[in-house]
Amino acid sequence: AGIMFSTRFHQDAAAALAYIFTLGGFFLLPRVPHLVLHAQGLQRDMMLLIYYALPHFELFDLRIRLAYDWGAIAWSMLLAVALYGALMILFMLLVGWCAYRGKQFSRMERL
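Residues numbered from 1 in each chain as written. Predicted model: local features only at pLDDT ≥ 70, side-chain atom pairs only at ≥ 80, totals over all residues. Heavy atoms only, no water.

Novice: Now, about a nonpolar patch on the surface: what can you tell me, with residues and values included?
Specialist: Together, Leu62, Leu66, Ile73, Trp75, Met77 and Leu78 line one region of the surface with nonpolar side chains, adding up to about 680 Å² of accessible area. Per-element tally for the nonpolar patch: the top contributor is helix 6 (residues 75-100), with 3 residues. Positionally, Leu66 belongs in helix 5 (residues 63-67). (Patch = residues over 30% accessible without salt bridge, like charges linked within 9 Å, V, L, I, M, F, W, Y side chains within 5 Å. Areas by Shrake-Rupley, 256 points an atom, 1.4 Å probe, with all protein chains shown as cover. Salt bridge = Lys/Arg side-chain N within 4 Å of Asp/Glu carboxyl O. Helix = DSSP H or I, 4+ residues; strand = E, 2+ residues; numbered from the N terminus.)

Novice: Describe the nonpolar core, naming the residues involved and giving the relevant values.
Specialist: Within the largest apolar cluster, 6 residues are counted, these being Leu29, Val32, Val36, Ala39, Met47 and Tyr51. Those residues in contact with Ala39 that sit more than four places away from it in its chain are Arg44 and Met47. (Core = buried A, V, L, I, M, F, W, Y, C linked by side-chain atoms within 4.5 Å. Buried < 20%, exposed > 50% of the residue type's maximum accessible area, 1.4 Å probe, protein only. Contact = heavy atoms within 4.5 Å.)

Novice: Just give me the short version of the packing of aromatic side chains, but keep the residues and values in it.
Specialist: All chains considered together, the criterion is met by 4 aromatic pairs. Ring geometry for Phe5 versus Phe21: centroids 6.3 Å apart, planes at 80°, classification edge-to-face. Taken together, the residues span a long stretch of sequence, with Phe5 in helix 1 (residues 2-8) and Phe21 in helix 2 (residues 11-28) at a distance of 16 residues. Residue Phe5 is classed as buried on the basis of its relative accessible area, which comes to 13%. Look at Phe21 and you get partly exposed, because its relative accessible area is 24%. (Phe/Tyr/Trp six-rings, centres within 6.5 Å; stacked < 30°, edge-to-face > 60°.)

Novice: Describe helix 2, listing the residues and the values that go with them.
Specialist: Under the 1.5 Å per step criterion, the end-to-end length of helix 2 is 25 Å for 18 residues, consistent within 8% with the ideal 26 Å. Ala14, Ala18 and Gly25 are the residues of helix 2 that are buried. In an axial view of helix 2, the angular spread of the buried residues amounts to 40°, which keeps them on one side of the axis. Helix 2 presents Asp12, Tyr19, Ile20 and Leu28 as exposed residues on the side facing more than 90 degrees away from its buried surface. Against helix 1 lie the buried residues of helix 2. (Expected span 1.5 Å × (residues − 1). Arc of directions from axis to C-beta.)

What follows is the structure in structure tokens.
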């Protein structure tokens, strides 16, 4: 997301949007299933669309496991999270490739 924003906006806007995107995915996205219980109609559908469309960064957060001394993670779960991360990276690269495949870039264009 940071690279995508940095190619479309100036540096400050790209950094701000990347922080918002990451923090929203890290703090708000895990709470969407609880919010969906109280929503109805189009609002509920939009929340679910956002929930499934955005990347789930909380899967990579191991702070709770360390804080409560839960021990090592199972290999199958580690493999599933690594596969999810790899698929998300491939998806982002595909979106970036589709966005830039027909563009012509010039160094003198910005001057």
